[in-house]
Amino acid sequence: MWSMIATWPFSLQCVEKGEEILKGGGRALDAVERGIHLVETDPTVDCVGRGGYLNADGELALDAAMMDGDTLKMGVVACVRGFEHPVSIARAVMEKTKHSILVGQYAESFARRMGFQEAPPEYMITDHARLKYEAEKDKATKPSGHDTIGCVALDQAGSLCVATSTSGANLRLPGRVGDTPIIGSGFYVQSGVGGAAATGLGEDIMRTCCSFRVVDLMRRGLSAQDAVNEVVLTAHYTLKQCGLKPDCIALVCMDARGNTAGACNHKGFAYACAREGEAPHLVEVPPIIDKDEEQEG
Ligand code: ASP
């Protein structure tokens, strides 16, 4: 059995690539990495890699992570500028160093040392992203826009892997890191148990350690759907209990048999999915609770 999921409709291309690799007996690690490459390169995806949202200084600084469910090793990079595939730099941190997290200029010099090719701002920053930045940078209203590709795969050998990649929230403070590269919040995986990844406002997802909780509930015997529902509801109501107004929280997960599920607290979330016997397709996820209706009511 093989299976793969990734957040948002723009990830259909990612699971299509993953299908090619997993169907042929390839590794989950390669499926998530090569699938995410397509989204990182796609200039029309405005929240991941090339063409992603700029920070308040007009720079494109990217976050990414990979975790191997067989070994619990992970690699993370945060605030990396000038490289097209932060997910591959994250994989190199995981596989070629004793460490887990490298940030900013140090992650960039590591990437150079590892032979990753640099990508100039003229290539990485699209006209669309620059125009959005110019139009919104001085507005007093809350900047709109954030999303992540979070991808989980199971290969035919039974290994699970997760990876994430994002430009982070639109107009974030330079140096701000969201949940996407934070273990247990934006991603978690253990082979034989399950994997999870998050998308939504990083600050809220980090406050409630969403991805680890999903995997831990599957470890305790909950189904993928029950686990992810429970975590979105608990996160949402925990934030409210603490006097906060929950922003977007969406999670996807997969159990050790390749069953998949998603849950969210807002309208409009969907994920891409492909499995043995199921061609790549999109799954719309109805909100388990709707933060916008709740706030109006
Ligand atoms: N979680 C990402 C961040 O906060 C953005 C998102 O997935 O919506 O940087």
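Source: prediction; values computed, not measured. (Residues numbered from 1 in each chain as written. Predicted model: local features only at pLDDT ≥ 70, side-chain atom pairs only at ≥ 80, totals over all residues. Heavy atoms only, no water.)

### Some words on the overall build of the protein chain
Filter applied, for reference: By the criteria applied, helices consist of DSSP H or I runs no shorter than four residues and strands consist of E runs no shorter than two, each listed in order from the N terminus. Between the two quantities, the radius of gyration covers C-alpha atoms and the globule rule is 2.2 Å times the number of residues to the power 0.38. The cut-offs for exposure are 20% and 50% of the maximum accessible area for each residue type, with area from a 1.4 Å probe on protein chains only; residues under the lower value are buried, those over the upper are exposed, and the others partly exposed. Any two residues whose heavy atoms approach within 4.5 Å at even a single point are treated as in contact. Where accessible areas are quoted, they stem from the Shrake-Rupley method and a 1.4 Å probe; at the residue level, only the protein chains shown are allowed to cover. For the purpose of charge, His is not counted, nor are the chain termini; Lys and Arg are scored as positive and Asp and Glu as negative. Here the site of a charge means NZ on Lys, CZ on Arg, CG on Asp, or CD on Glu.
Along the backbone of the protein chain there are ten helices and twelve strands. What you see for the protein chain is a C-alpha radius of gyration of 18 Å, in line with the 19 Å of a compact globule of 297 residues. If you line up the protein chain on its principal axes, its C-alpha atoms span 50 × 50 × 35 Å. Buried positions account for 58% of the 297 residues belonging to the protein chain. If you take every contact in the protein chain between residues at least 6 apart in sequence, the share linking residues at least 24 apart comes to 65%. On the protein chain, roughly 12,100 Å² of surface is accessible, and the fraction owed to carbon and sulfur atoms is 51%. Side chains of the protein chain give 29 positive and 40 negative charges; the mean places of these two sets differ by 4 Å.

### A word on the environment of D57
In this fold, D57 is placed in the loop between α2 (28–41) and β2 (62–68). Since its relative accessible area comes to 55%, D57 is described here as exposed. When the C-alpha atoms of D57 and L222 are compared, they prove to be 44 Å apart, with 165 residues separating the residues in sequence. Filtering out sequence-adjacent residues up to four positions away, D57 remains in contact with Y133 and P174.

### Here we look at helix α9 (residues 224–241)
Definition in use: Multiplying one less than the number of residues by 1.5 Å gives the expected span of a helix. This arc corresponds to the set of directions leading from the helix axis out to the C-beta atoms.
Between its terminal C-alpha atoms α9 stretches 26 Å, which fits the 26 Å expected from 18 residues at 1.5 Å a residue. Within the sequence span of α9, burial applies to A224, A227, V228, V231, V232, A235, H236 and L239. Axial view of α9: buried residues confined to an arc of 155 degrees, hence all on one face.

### Considering the pairing of strand β7 (residues 187–190)
The line we're drawing: Only strands joined by at least two bridges in the DSSP assignment are considered to pair.
Relative to strand β8 (residues 194–200), β7 runs antiparallel, the two sharing four bridges. Note that in β8 the partner of V189 across the bridge is G195. Between β7 and β8, which follow one another and run antiparallel, lie three residues, and G192 among them has a positive phi close to 85 degrees.

### Digging into the sheet that holds β7
Which entries qualify depends on this criterion: Convention adopted: a line fitted to C-alpha atoms gives each axis, helices being fitted over their contacting stretch, and angles between N-to-C directions are expressed from 0 to 180 degrees.
Spatially, β7-β8-β9-β10 is the arrangement adopted by the four strands of the open sheet, whose pairing is antiparallel. The outermost strands of the open sheet, each flanked by one partner alone, are β7 and β10 (260–264). Mean inter-strand twist for the sheet, computed between neighbouring axes without regard to direction, equals 10 degrees. Pairing of β8 with strand β9 (residues 249–255), which is carried by seven bridges, proceeds in the antiparallel orientation. Across the sheet, the residue bridging to A198 is L251, located in β9. Lying over the sheet, helix α8 (residues 210–219) contacts β7, β8 and β9, oriented at roughly 150 degrees with respect to β8. Contacting β9 and β10, α9 crosses the sheet at an angle of about 20 degrees to β10.

### Some remarks on the site of the ligand
Basically, it comes down to this: By convention in this text, a residue qualifies as near a molecule or strand provided that one of its non-hydrogen atoms is within 4 Å of it. Two N or O atoms count as a polar contact when they lie within 3.5 Å, although within protein this holds only if one can serve as hydrogen donor and the other as acceptor, and sequence-adjacent residues are included solely when both atoms are side-chain atoms. The classification used treats Ala, Val, Leu, Ile, Met, Phe, Trp, Tyr, Cys and Pro as nonpolar, Asp, Glu, Lys and Arg as charged, and all other residues, Gly among them, as polar.
Neighbouring the ligand are 13 residues, the closest being H146, T148, R176, D179 and G200. Between the ligand and G202, the relevant distance is 2.8 Å, taken from an oxygen atom to a main-chain nitrogen or oxygen of the residue. In terms of residue class, the shell around the ligand is made up of two nonpolar, eight polar and three charged.

Everything listed here is a matter of coordinates, which is why it stays silent on function.
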